[in-house]
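Chain and residue survey
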Amino acid sequence: MWAEWAMVGYVALTLVMMIVWWDQLVNPVGMLVGRAEAVATTLVLWGIYRWRPCRLTMLIRVAGLMAWLGWWYPDTYELNRVLPNLDHLFAQAEQSLFGCQPALVLLQRYGQPVVSELLSLGYVSYYPLIITLVVFYFFRRYERFTYAVYVVMASFFIFYVVFDLLPVAGPQFYYEAVGCDLIAQGHFPDLGHYFRDHQESLPIPGWKDGPFYHLLVIAHDAGERPTAAFPSSHVGVTVVLLWLAWEARSRRLFWGMMPLGVLMFFATFYIQAHYAIDAIAGLFAGTAIYFLLRWLYAKGYPSSRREK
């Protein structure tokens, strides 16, 4: 499938990065092993599908591919922490655009439990939205199933390439390192390679007794690293999902996902995972990536019909 080739392409590209930065990597052997396991898993599931080609083995094949997303995300930190951190530039840009730090102000003004729970719901709906879209295509648009999986997976890998090369940790890590008082006063020091060896972050803000807040904490603790802030892939991939829902001509699916997408947008900087400019950039990046991938797929459509 094109989605599998997207993963193989990402593996090849990051292997080149690893060769260049080998002496600076903290855990290069573990990174190599992880890549070997991802490729091996993909080959095994492809072999099972070729042995018994049917919808069930196709679903298992796709599920195995998507399950690795939880590993690829923190892996971006292993690559980009060899580079000097750039958060000071993004925090300064945020201050210039808004005259404040929205990640601080939004929480101060709207810290009510109802707001906290709604935005926590929006943030933790990320993977359920992905699963919902993929399952919808599987059952209702199966002839376009591999196309939808390709667009979703390739979107992730495009974002991961950016994160590998653009070391922005996000407010929860940068504010903790600098101090919220200094940030509020407009001081944004250059931390250099600070995040190479530090992963301390601010506590997740919100109503601590809320059920969605607890889900958010679990998701955060499972794999969050000082990486992948700009642009927001949560927003960007959600935009891709909305475009795919619209393309599927299912208004019920599209409008059912839209409120969660809106909550997702504001939640990214409400919980201080992103700067507001990260979320805004995610809107444009997600749209651009969707149309790029759609164009690439259409360009190779005769061969894509023979995906095996």
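Basis of the calculations
Position numbers for residues count from 1 along each chain, tracking the sequence in the order it is written. For this predicted model, a pLDDT threshold of at least 70 governs which residues receive local features, and a threshold of 80 or more governs which side-chain atom pairs are given and counted, while totals over whole chains, interfaces and linings are taken from all residues. Values reported for side chains reflect all heavy atoms of the structure, with hydrogen atoms and water molecules removed beforehand. Put simply, a salt bridge is a Lys or Arg side-chain nitrogen that is within 4 Å of an Asp or Glu carboxyl oxygen. Helix and strand labels come from DSSP, where a helix needs a run of H or I of at least four residues and a strand needs a run of E of at least two; each type is numbered from the N terminus. Using a 1.4 Å probe on the protein chains alone, a residue whose accessible area is under 20% of its type maximum counts as buried, one over 50% counts as exposed, and one in between counts as partly exposed. A pair of Phe, Tyr and Trp rings is counted when the ring centres sit within 6.5 Å of each other, with Trp represented by its six-membered ring. The angle between the planes then sorts it: under 30 degrees is stacked, over 60 is edge-to-face, the rest tilted. Criterion for a charge above a ring: Lys NZ or Arg CZ within 6 Å of the ring centre, and within 35 degrees of the ring normal. Patch membership is restricted to residues that have no salt bridge and whose relative accessible area is over 30%. Joining uses 9 Å for like charges and 5 Å for the nonpolar side chains Val, Leu, Ile, Met, Phe, Trp and Tyr. Method for areas: the Shrake-Rupley scheme with a 1.4 Å probe, in which residue coverage is limited to the protein chains shown. Values of pLDDT, the confidence the predictor places in each residue, fall between 0 and 100. To obtain an axis, a line is fitted to C-alpha atoms, over the contacting stretch when the element is a helix, and the angle between two such axes runs from 0 to 180 degrees between their N-to-C directions. The cut-offs work like this: below 35 degrees is roughly parallel, past 145 is roughly antiparallel, 65 to 115 is roughly perpendicular, and the gaps in between are oblique. By definition, any crossing whose near helix is turned counterclockwise from its far helix by less than a right angle is left-handed, and any crossing with a clockwise turn is right-handed. When checking whether two residues touch, look at their non-hydrogen atoms; a contact exists if any pair is within 4.5 Å. Only Asp, Glu, Lys and Arg are considered charged, only Ala, Val, Leu, Ile, Met, Phe, Trp, Tyr, Cys and Pro nonpolar, and every remaining residue, Gly among them, polar. Multiplying 1.5 Å by the residue count of a helix minus one yields the expected span of that helix.

1. Quick word on the pattern of salt bridges
In total, this model carries four salt bridges according to the counting rule given. Put simply, Glu4 and Arg61 hold a salt bridge, and the shortest N to O gap is 2.7 Å. Within this pair, whereas Glu4 is found in helix H1 (residues 2-21), its partner Arg61 is found in helix H3 (residues 55-67), the two being separated by 57 residues in sequence. As far as burial versus exposure is concerned, Glu4 and Arg61 are alike and both buried. The shortest N-O distance in the salt bridge between Asp75 and Arg35 comes to 2.6 Å. With Asp75 in helix H4 (residues 69-80) and Arg35 in helix H2 (residues 28-51), the pair connects residues that are 40 residues apart, well separated along the chain. On the basis of relative accessible area, Asp75 is assigned to the buried category, the value being 3%.

2. Quick notes on the packing of aromatic side chains
Counted under the stated rule, the structure contains 33 aromatic pairs. A ring pair is formed by Phe173 and Phe195, whose centres lie 6.5 Å apart and whose planes are at 85 degrees; its orientation type is edge-to-face. Here Phe195 lies in the loop between helix H11 (180-184) and helix H12 (211-223) and Phe173 lies in helix H10 (residues 171-178), a separation of 22 residues in the sequence. We note that Phe173, like Phe195, is buried. Connected via pairs of aromatic rings, a cluster forms that spans Tyr10, Trp68, Trp71, Trp72, Tyr126, Tyr127, Phe156, Phe157, Phe159, Tyr160 and Phe163. Lying over the aromatic face of Trp246, Arg251 brings its terminal NZ or CZ to 4.0 Å of the ring centre.

3. Examining a nonpolar patch on the surface
A cluster of nonpolar side chains, Leu97, Phe98, Ile280, Leu283 and Phe284, forms an exposed patch at the surface whose accessible area comes to about 490 Å². Mapped onto the nonpolar patch, the elements with two or more residues apiece are helix H5 (87-98) and helix H15 (276-299). When residues in the nonpolar patch are grouped by element, the largest group, three residues, is from H15. Secondary-structure assignment places Phe98 in helix H5.

4. A few points about the confidence of the model for the protein
Within the protein, residue pLDDT values average 94, and 97% of them lie at 70 or more. Across the protein, the secondary-structure element scoring lowest on mean pLDDT is helix H16 (residues 301-304), at 56, and the one scoring highest is helix H9 (residues 145-165), at 98.

5. What about the packing of H4 against H9?
Their axes nearest at 9 Å, the elements H4 and H9 cross at an angle of 15 degrees. As judged from the angle between their axes, H4 and H9 are roughly parallel. Crossing angle aside, the handedness with which H4 passes H9 is right-handed. Note on element contacts: H9 touches H4 through Met153, Phe156, Phe157, Tyr160, Phe163 and Asp164, opposite Leu69, Trp72, Tyr73, Thr76, Leu79 and Asn80. The class makeup of the residues in the contact of H4 with H9 is nine nonpolar, two polar and one charged.

6. Focus on H4
With twelve residues, H4 should reach 16 Å at 1.5 Å per residue; the first-to-last C-alpha distance of 17 Å fits that figure. Counting buried residues in H4 gives ten out of twelve residues, a clear majority hidden from the surface.

7. Quick word on the environment of Gln101
Within the secondary structure layout, Gln101 lies in the loop between H5 and helix H6 (102-109). Taking the C-alpha atoms as reference, Gln101 lies 7.5 Å from Ala91; in sequence the two are ten residues apart. If near-sequence neighbours (up to four positions away) are discounted, Gln101 is found in contact with Ala91, Glu94, Gln95, Tyr175, Ile183, Phe188 and Tyr275.

8. Some thoughts on the environment of Leu104
Note that Leu104 resides in helix H6. In this structure the C-alpha to C-alpha distance between Leu104 and Tyr175, which are 71 residues apart in sequence, comes to 9.6 Å. Contacts of Leu104, omitting those with residues within four sequence positions, involve Tyr175, Cys180, Ile183, Ala184 and Gln272.

9. Observations concerning the packing of H1 against H4
Between H1 and H4, the shortest axis-to-axis distance is 11 Å and the interhelical angle comes to 20 degrees. Classified by the angle between their axes, H1 and H4 sit roughly parallel to one another. Pair H1 / H4 crosses with left-handed handedness. Each of Met7, Tyr10, Val11, Thr14, Met17, Met18 and Trp21 in H1 lies in contact with H4, whose residues at this interface are Trp72, Thr76 and Leu79.

10. Some thoughts on unusual backbone geometry
Cis geometry marks the peptide bond from Phe230 to Pro231, where omega comes out at -15 degrees. Within the element layout of this structure, Pro231 appears in the loop between H12 and helix H13 (233-247). One non-glycine residue with positive phi stands out, namely Gln272, at about 70 degrees. Position of Gln272 relative to the elements: it lies in the loop between helix H14 (251-270) and H15. On the accessibility criterion, Gln272 (5% relative accessible area) is buried.

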